[in-house]
Amino acid sequence: MKFHVLTLFPEMIENGLRTSITGRALEKGLLSLDTVNIRDFAGNKHGKVDDYPYGGGAGMVMQAEPVYAAHQYVTARAGRPLRTVYLTPQGRTFHQEMAEEFAKEEELVLLCGHYEGIDERVLEEIVTDFVSIGDYVLTGGELPAMVMIDTISRLVEGVLNNETSAEFESFHDSLLEYPQYSRPEVWRGKAVPPVLLSGHHGNVEKWRREQSIRRTAKWRPDLLEKADLTDKEKELLKKEKESLKGEEKWDSIGEKNLKNWLRM
Ligand code: ADE
């Protein structure tokens, strides 16, 4: 899959993504990253790409023409129109299903804004998807673009070592992932759940599925509406909901550790 990133800070994107798992996938040619510096399309010798907002107000606005020219450069090379994402807090909130949808594209353009945003007119011309990564405001679209690229990349075949590992994790099937354990068997008096040491594959799978349902009911009950559960699992869920009422949640575990940290 090929990502084109239109940005004023290409080095930020390069440094962030040519590392770790995405870095390895880029080296292997499973992914391709094309960072395009919008400043190269400034059309003036000072490389100026922003100006004061009409009507007044704080900050500067990225001008339409350099963004448009950078986008034209990318689509002309591709020889066809490309799905183009503008990263903005005003967009639809990014989630796993959206990542799965974008992963079907062969090429994707990501447009990163800065300052007070980009001239509306060019957005109207080139953007197919307005995406936010959450209800908070960052200094620019580069980190959001990297979040999107990272999330989409791990869905591309071959990027993760274990082909199945993207399938059995948080948000797949709208369920959270089951808890994981590794050596030692007992750590600070805490033992690994015995079923995981039993070598009985069927029982392990059953336990993991139950844990996924339990965890989702406990921490993200909002996700359960979309989960595809068997009748038996729905029964289990009903019972779990009752027993969960008195159970400790992450918040209280966190609170306890926070108090220790403050030595209260
Ligand atoms: N640019 C600034 N903040 C953003 C956010 N939360 N999501 C996407 N792009 C952004």
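Residues numbered from 1 in each chain as written. Predicted model: local features only at pLDDT ≥ 70, side-chain atom pairs only at ≥ 80, totals over all residues. Heavy atoms only, no water.

S.K.: Just to check I follow, could you spell out the environment of Val85 for this structure?
M.R.: Counting through the fold element by element, Val85 comes out in strand E5 (residues 84-93). With 107 residues separating them in the primary sequence, Val85 and Val192 have C-alpha atoms 44 Å apart. (Helix = DSSP H or I, 4+ residues; strand = E, 2+ residues; numbered from the N terminus.)

S.K.: I would appreciate a short explanation of the packing of aromatic side chains in the present structure.
M.R.: Two aromatic rings are characterised by how far apart their centres lie and by the angle between their planes. On inspection of all chains with the given rule, the structure shows two aromatic pairs. Seen from their ring centres, Phe41 and Tyr73 are 5.4 Å apart, and the 50 degrees between their planes marks the pair as tilted. Separated by 32 residues along the polypeptide, Phe41 in the loop between strand E2 (32-37) and strand E3 (50-51) and Tyr73 in helix H3 (residues 64-78) bring together distant segments of the chain. Take Phe41: its relative accessible area is 21%, and that puts it in the partly exposed class. (Phe/Tyr/Trp six-rings, centres within 6.5 Å; stacked < 30°, edge-to-face > 60°. Buried < 20%, exposed > 50% of the residue type's maximum accessible area, 1.4 Å probe, protein only.)

S.K.: Explanation requested: the nonpolar core in the structure shown.
M.R.: As a rule of thumb, soluble globular proteins bury nonpolar side chains together. Formed by 26 residues in total, the largest nonpolar core has its most connected members in Phe3, Leu31, Phe102, Leu110, Val131, Met148 and Ile152. Secondary-structure elements contributing two or more residues to this core are strand E1 (2-7), helix H1 (10-17), helix H2 (20-28), E5, helix H4 (96-102), strand E6 (107-112) and helix H6 (142-153). With five residues, H6 is the largest single contributor of residues to this core. Not counting chain neighbours up to four residues away, the residues in contact with Met148 comprise Val85, Leu87, Phe94, Phe102, Leu110 and Val131. Grouped together as the second largest cluster of nonpolar side chains are 20 residues, Leu6, Val36, Ala64 and Ala70 included. (Core = buried A, V, L, I, M, F, W, Y, C linked by side-chain atoms within 4.5 Å. Contact = heavy atoms within 4.5 Å.)

S.K.: Is there a simple way to explain the site of the ligand in this structure?
M.R.: Neighbouring residues of the ligand: Leu87, Thr88, Pro89, Val131, Ser132, Ile133, Gly134, Tyr136, Val137, Leu138, Gly140 and Pro144. The contact in question runs from a nitrogen atom of the ligand to an N or O atom on the backbone of Gly134, over 3.1 Å. Leu138 is positioned such that a nitrogen or oxygen atom in its backbone is 3.0 Å from a nitrogen atom of the ligand. Protein burial of the ligand: of its 260 Å² of free accessible surface, 96% is covered by the chains. Among the secondary structure elements, those contributing two or more residues to the shell around the ligand are E5 and strand E7 (129-132). (Near = heavy atom within 4 Å. Polar contact = N/O pair within 3.5 Å; in protein donor to acceptor, adjacent residues only side chain to side chain. Areas by Shrake-Rupley, 256 points an atom, 1.4 Å probe, with all protein chains shown as cover.)

S.K.: How should the domain arrangement of the chain be read in this particular structure?
M.R.: Often the size quoted for an interface is simply the accessible area lost on bringing the parts together. Partitioning the chain into domains gives domain 1 (2-153) and domain 2 (172-263). Computed from C-alpha coordinates alone, the two centres of domain 1 and domain 2 are separated by 38 Å. (Domains from an automatic or database assignment.)

S.K.: Explanation requested: the side chain of Asp129 in the structure shown.
M.R.: Along the chain, Asp129 falls in strand E7. For Asp129, a relative accessible area of 11% corresponds to the buried category. Reaching out from Asp129, the side chain makes a polar contact with the side chain of Arg83 at a distance of 2.9 Å. Apart from residues lying up to four places away in sequence, Asp129 is in contact with Arg83, Thr84, Val85, Tyr86 and Phe102.

S.K.: Before we go on, may I ask you to explain the environment of Ala217 in this structure?
M.R.: Relative to the helices and strands, Ala217 resides in helix H7 (residues 201-219). Note on Ala217: relative accessible area 11%, which makes it buried. Taking the C-alpha atoms as reference, Ala217 lies 32 Å from Leu87; in sequence the two are 130 residues apart.

S.K.: How do you make sense of H1 when you look at a structure like this?
M.R.: Since the α-helix packs 3.6 residues into each turn, any two residues three or four apart lie on the same face. Buried residues of H1: Pro10, Ile13 and Leu17, and no others. One side of H1 carries all its buried residues, which in axial view fall inside an arc of 65 degrees. In the core, the buried residues of H1 are packed alongside E1, H2, E2 and H6. (Arc of directions from axis to C-beta.)

S.K.: Mind showing me how you'd approach H3 here?
M.R.: The terminal C-alpha atoms of H3 lie 21 Å apart, and with 15 residues this matches the ideal 21 Å at 1.5 Å per residue to within 8%. Of all the positions in H3, only Ala64, Pro66, Val67, Ala70, His71, Val74 and Thr75 are classed as buried. Buried-residue contacts for H3 involve E1, E2, strand E4 (61-62), E5, E6 and helix H5 (120-126). Downstream of H3 by a residue or two, Gly79 has a phi angle that is positive, lying close to 80 degrees. (Expected span 1.5 Å × (residues − 1).)

S.K.: What should I look at first to understand the pattern of salt bridges in this one?
M.R.: If charged atoms from side chains of opposite charge come close, those side chains can pair. Counted according to the given criterion, the structure contains 15 salt bridges. Here Arg77 and Asp34 are joined by a salt bridge, their closest N and O atoms 2.6 Å apart. Residue Arg77 is found in helix H3, and its partner Asp34 is found in strand E2; the two are separated by 43 residues along the sequence. Since its relative accessible area comes to 47%, Arg77 is described here as partly exposed. We note a salt bridge from Glu105 to Arg83, for which the minimum N-O separation is 3.3 Å. A residue pair is termed long-range when its members are at least 10 positions apart, and Glu105 in the loop between H4 and E6 and Arg83 in the loop between H3 and E5 qualify at 22 residues. We classify Glu105 as partly exposed; its relative accessible area is 24%. The partly exposed category is assigned to Arg83, whose relative accessible area is 22%. By sharing partners, the salt bridges in this structure join Arg83, Glu105 and Asp129 into a single network. (Salt bridge = Lys/Arg side-chain N within 4 Å of Asp/Glu carboxyl O.)

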